Each structure stands twice: as structure tokens, then as C-alpha cells.
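Structural description and commentary
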Amino acid sequence: MTTSTPFDEAERRAWAGRAAAYERSFAALCARPVPALLDAAQIRRGLRVLDAGTGTGAAARAAGDRGAAVTAVDADPGMAARAAGAAPAAAVCVAALPRLPFADGCFGAVVGNFVLNHVGRPRAALAELRRVARPGARIALSIWAAPPAPGQALFGRALQAAGATRPAHLPALAPEDDFPRTEEGFARLLRESGLSGVRCEPLAWEHRVTAEQWWSGPAAGLASAGQILLSQPPEVVTEVRRQYDALCAEFAGPDGLLALPHTALLASGQA
Ligand SMILES: C[S@@+](CC[C@H](N)C(=O)[O-])C[C@H]1O[C@@H](n2cnc3c(N)ncnc32)[C@H](O)[C@@H]1O
């Protein structure tokens, strides 16, 4: 069985060369669940921890700050380089789920912040995370909930209102690999992978950001909205921006910042 799917290949292309843009835009949003994620994995001094899909290293750095001995991996070399800078005490390498270059049972805890929603085979990725966790280790993972909270739906609405279409080179997850992005669906995924004591909770918050900064992520090609935007002709991009500016009014506060409601799911269990 090949480990890389068309979805994974599209992910590799989508992240390549975009680590700096991610750090300037979506990284602050994605960092929000990190303390809860580390609590769920019971990260503490001396524990050997894996941060899978580390991105620019927010969870790796925070786990290091708690005194853990951190290893971090990312499929994208640019991300791994930034994580190494952000978490200098961590051992960082390039590796892609569902295949990690580690022995069975070598980590005392495993975390993955918004990575399981970026892999082509979530069940295989989870099995691999479980393989490298020692028996009894906690595994904690976050994903975005679906349907998306209003703040997260903003770009999709702007794209739709502008008539932007999803390009063929952006494959969706194969239906047999997908799972419901609900508390129950995510918890079931972890339980079916053999984890015990599974818990899943929603994390809801308002991300506060300027309209310009929020636009900058997709404008740089980040996330599926960015990949769709990049493939549109210039006149459609202009129309998406017009629609986006109009929709931003729904979220603008008196200080001029957008307050964008987001909901993530945080699930954890024991290997
Ligand atoms: C949304 S970012 C999250 C990054 C980081 N965990 C954070 O919270 O900021 C998703 C990350 O997962 C990485 N990624 C995507 N597919 C992966 C895979 N199969 N294995 C490892 N990392 C992957 C991407 O390169 C990207 O850095």
C-alpha cells in the first residue's frame, strides 16, 4: 500500500515555501489550543514528547518550556527549519505521516496540533502516532470542527459569492478515509485506533485580527481557501476581495479588529 495519496501530494505543494507566510498569518490562530493540548497529553518535565506536524514550532516550544524533551517533525522542510529556530532545544526533522523514522514506543507523549486534518489517511497517521507512543502514553490531537464556525467560514463565503470554483488539482479526502469532524466522530476515530480513555471536547474562541492580516494568509496561498484563490483569474480574485471586505463588516468590532469565531476539537487518549 502506498503511504502518500493525491491529497498528501497536494498538501506538500500547498505548504512548500509558505512557512514564513504561515507564521505571519494562521500560526497565531493555530497556537490558541496549544496549552489545552499539552495539558491533555500531560506534558511535564522530563517526558519525551513528539510534536507531529510541528509547523513553525508553537507546540514544540511550549512543551520545551514545560521541561519536556521534545522531538518535532514536519513534512515540509521550510516549516521544520522554522520550528528548529523557534524551539532550539527540540530535535527537529523532516518526516511525513503516516511514516515516522522512530522506533516503536519511544515517546512518553505525542501531540499533533491541526495536523490530522492535513493528512490523506487519518487512520494510518493515527496508527503511526500510536506505534511510536509507549504503552500508557497520552496522545492529544486537534482538528477544526465541521461545519465550520462563522469566522472560519468567512473565506469560503467570499469565494462562493465571487463564483470561484475549486480547481481539479485540489483533491478532497477519499470518502473511505474521511471521518465526521464532530466530538463523537473524532472520539470514535481515536477509539477505533485502539486508544483507551478517549476524551474529546470542543474549543471555541474568537480570533482577533485585522482584515488585512486575515486576508494575507489565503492571499499567500495558505489553506484550501488560498489554494482556490491562487487558481482564479485576476478578475475573480478582485471580486473575492470585494466580497471579503463586505463580509468582514459582520465581524468588525469598535477597535477595527475582526472577531472571528472558531471551533476546534481536541481529542486525547492513552496508547
Ligand atoms: C495547520 S499547520 C499546523 C502547524 C502547527 N502544528 C501549528 O499548530 O502551528 C499543518 C502542518 O502540518 C504539516 N503536515 C501536513 N501534512 C503532514 C504530514 N503528512 N506529516 C507531517 N506533517 C504534515 C504541514 O507541513 C504544516 O506545517
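These numbers come from a predicted model, not from an experiment. (Residues numbered from 1 in each chain as written. Predicted model: local features only at pLDDT ≥ 70, side-chain atom pairs only at ≥ 80, totals over all residues. Heavy atoms only, no water.)

1. Considering the site of the ligand
Not every one of the 20 residues close to the ligand is listed here, only the nearest: Y22, G53, D74, L97 and N113. Here an oxygen atom of the ligand and a side-chain polar atom of Y22 are 2.6 Å apart. One nitrogen or oxygen atom from the main chain of A75 is found 3.3 Å from a nitrogen atom belonging to the ligand. Burial of the ligand by the protein amounts to 98% of the accessible area it has alone, namely 600 Å². (Near = heavy atom within 4 Å. Polar contact = N/O pair within 3.5 Å; in protein donor to acceptor, adjacent residues only side chain to side chain. Areas by Shrake-Rupley, 256 points an atom, 1.4 Å probe, with all protein chains shown as cover.)

2. Let's talk about unusual backbone geometry
The bulk of non-glycine residues show a negative phi, and the bulk of peptide bonds are trans. Of the consecutive residues L97 and P98, the connecting peptide bond is found in the cis state with omega at 10 degrees. With respect to the helices and strands, P98 occurs in the loop between β3 (91-94) and β4 (107-113). In this chain, A146 is followed by P147 through a cis amide linkage whose omega measures 0 degrees. In this structure, P147 sits in the loop between β5 (133-144) and α8 (150-161). Even without glycine at this site, A223 takes up a positive phi of about 65 degrees. Take A223: it is sitting in helix α11 (residues 223-230). (Helix = DSSP H or I, 4+ residues; strand = E, 2+ residues; numbered from the N terminus.)

3. Some details on the packing of α8 against helix α10 (residues 211-219)
At a minimum axis separation of 12 Å, α8 and α10 run at an interaxial angle of 55 degrees. With respect to α10, the axis of α8 lies oblique. Considering the relative orientation of α8 and α10, their crossing is right-handed. Residue-level contacts link G151, L154 and F155 of α8 to W214, W215 and P218 of α10. Its residues assigned to classes, the contact of α8 with α10 shows five nonpolar, one polar and no charged. (Axes fitted to C-alpha atoms, helices over the stretch in contact; angles between N-to-C directions. Parallel < 35°, antiparallel > 145°, perpendicular 65-115°, else oblique. Left-handed = near helix turned anticlockwise from the far one by under 90°. Contact = heavy atoms within 4.5 Å. Nonpolar A, V, L, I, M, F, W, Y, C, P; charged D, E, K, R; others polar.)

4. A word on the side chain of E11
Note on placement: E11 falls in helix α1 (residues 6-15). At 2.7 Å, the side chain of E11 forms a polar contact with the side chain of W15. Reaching out from E11, the side chain makes a polar contact with the side chain of H118 at a distance of 3.0 Å.

5. Quick look at the pattern of salt bridges
If you walk through the whole model with that rule in mind, you get twelve salt bridges. Put simply, E23 and R82 hold a salt bridge, and the shortest N to O gap is 2.5 Å. Of this pair, E23 sits in helix α2 (residues 19-24) while R82 sits in helix α6 (residues 77-86), placing them 59 residues apart in sequence. Residue classification places E23 among the partly exposed residues on the basis of a relative accessible area of 36%. Residue R82 is classed as partly exposed on the basis of its relative accessible area, which comes to 34%. For E184, the salt bridge goes to R188, with nearest N and O atoms at 3.7 Å. (Salt bridge = Lys/Arg side-chain N within 4 Å of Asp/Glu carboxyl O. Buried < 20%, exposed > 50% of the residue type's maximum accessible area, 1.4 Å probe, protein only.)

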